[in-house]
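Reading the structure
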Amino acid sequence: MYGDKVRIVWKNLPLPFHPNAMPAALAAMAANEQGKFWEMHDKLFANQQALGRDAYLRYAKELKLDLPRFTRALDGAKYKAQIEADTADARSLGVTGTPGFFVNGRFLSGAKPFEAFAEVINAELKRLNLPVPPGAPAG
Amino acid sequence: MSKKNREKRASEVESPAGEGGGGMAWLPTVLALGALGLAFVAWTDAKRTRDELTKRIVSIDQRLIQTQTQVASARPKPPQQQGPDPSKVYTVRLDGSPYRGNPTAPIVIAEFSDYQ
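Residues numbered from 1 in each chain as written. Chains lettered and ligands numbered in written order. Predicted model: local features only at pLDDT ≥ 70, side-chain atom pairs only at ≥ 80, totals over all residues. Heavy atoms only, no water.

1. What to know about unusual backbone geometry
All names here are of chain A. Convention followed: Strands here are runs of E lasting at least two residues and helices are runs of H or I lasting at least four, both read from the DSSP assignment and numbered beginning at the N terminus. Note on exposure labels: buried denotes an accessible area under 20% of the residue type's maximum, exposed denotes more than 50%, and partly exposed covers the range between, all computed with a 1.4 Å probe on protein chains only.
Here the bond from Thr98 into Pro99 is cis, since omega is -10°, no more than 30 degrees from zero. One non-glycine residue, Lys64, lies in the positive phi region at around 55°. With respect to the helices and strands, Lys64 occurs in the loop between helix H3 (53-62) and helix H4 (67-75). Classification of Lys64 by relative accessible area gives exposed; the value is 73%. A positive phi angle, near 50°, is found at Ala77, a position not held by glycine. Along the chain, Ala77 falls in the loop between H4 and helix H5 (80-93).

2. Considering the confidence of the model for chain A
Definition in use: Residue-level confidence of the predictor is summarised by pLDDT, bounded by 0 at the bottom and 100 at the top.
Of all residues in chain A, 98% attain a pLDDT of 70 or more, and the chain-wide mean is 93. Mean pLDDT per element in chain A: strand S3 (residues 106-109) of chain A is the minimum at 91, and H4 of chain A is the maximum at 98.

3. Considerations on helix H6 (residues 114-127) of chain A
This is how it is decided: Between the first and last residue of a helix there are one fewer steps than residues, each counted as 1.5 Å, and that sum is the expected span.
Taking 1.5 Å per residue, 14 residues should reach 20 Å; H6 of chain A reaches 20 Å between its end C-alpha atoms and fits that length. Those residues of H6 of chain A that sit buried are Ala116, Phe117, Ala118, Val120, Ile121, Asn122, Glu124 and Leu125 of chain A.

4. Remarks on the side chain of Thr87 of chain A
Note the cut-off: Contacts: residue pairs with any heavy atoms within 4.5 Å of one another.
Within the secondary structure, Thr87 of chain A sits in helix H5. If near-sequence neighbours (up to four positions away) are discounted, Thr87 of chain A is found in contact with Asn12, Leu13 and Pro14 of chain A.

5. Quick word on the pattern of salt bridges
Defined as follows: Between Lys or Arg on one side and Asp or Glu on the other, a salt bridge is scored when a side-chain nitrogen of the former is within 4 Å of a carboxyl oxygen of the latter.
With the rule as written, the count across this model stands at 14 salt bridges over all chains. For Glu33 of chain A, the salt bridge identified is with Lys78 of chain A, shortest N-O distance 2.4 Å. Taken together, the residues span a long stretch of sequence, with Glu33 of chain A in the loop between helix H1 (21-32) and helix H2 (37-46) and Lys78 of chain A in the loop between H4 and H5 at a distance of 45 residues. As a salt-bridge pair, Arg53 of chain A and Asp75 of chain A come within 2.6 Å of each other at their nearest N and O atoms. Taken together, the residues span a long stretch of sequence, with Arg53 of chain A in helix H3 and Asp75 of chain A in helix H4 at a distance of 22 residues. Here Arg53 of chain A falls in the partly exposed class, since its relative accessible area comes to 40%. When salt bridges that share partners are traced, they join Lys11, Asp86 and Asp89 of chain A together with Arg93 and Asp95 of chain B into one network.

Right, dumping it as structure tokens:
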């Protein structure tokens, strides 16, 4: 509905009490290296109950990634520092749970209904003197 | 002597009757005073009882307020707003992070999340 009005940026926040969260984040970032972040993200999300190295390698194969390169990045925890930098950003912003959203810097916590996002997005569009798309929930 | 005796007797005869009438006359007054006295005692008593009850109610009220205060302070405080202040605008570092959508979009949603 908002089309090219919106950009969604992923910030890694693997929670310490989610043992598979860091390896999954490493797998997604390893796919990102080959331009397939969101494809891997979607597979990981769709299979949250079946996270594990075998699954990551299978998804990489399904996404036709360069497997040796993917495996090196995954096993070498190549993007661990970047993930930890995201986590440090979360900490300094005060985000403690997932998911946490910032819409043009305005915080929305937890899995909120679309309307909650639409409200903030519409307010931002108005503030920027941009048209609110027809059909967008009144904010 | 006989006349004097007669007068004396008359006076003696009259006298008891006269005194008798006077004795009956004070009775209502005494009764009224007695009733008044009883009423006063009863009123004083009732007043004292009421004053005591009022005092006790006031003290019970005070103790109730004290107890409520203690309970309120003992009760765990409602969790304060967790995380960032929704009324503030934060700057989120975005360089190098995966994104989708128009790179120059006016609306940027930063999502902090994991997969589990």
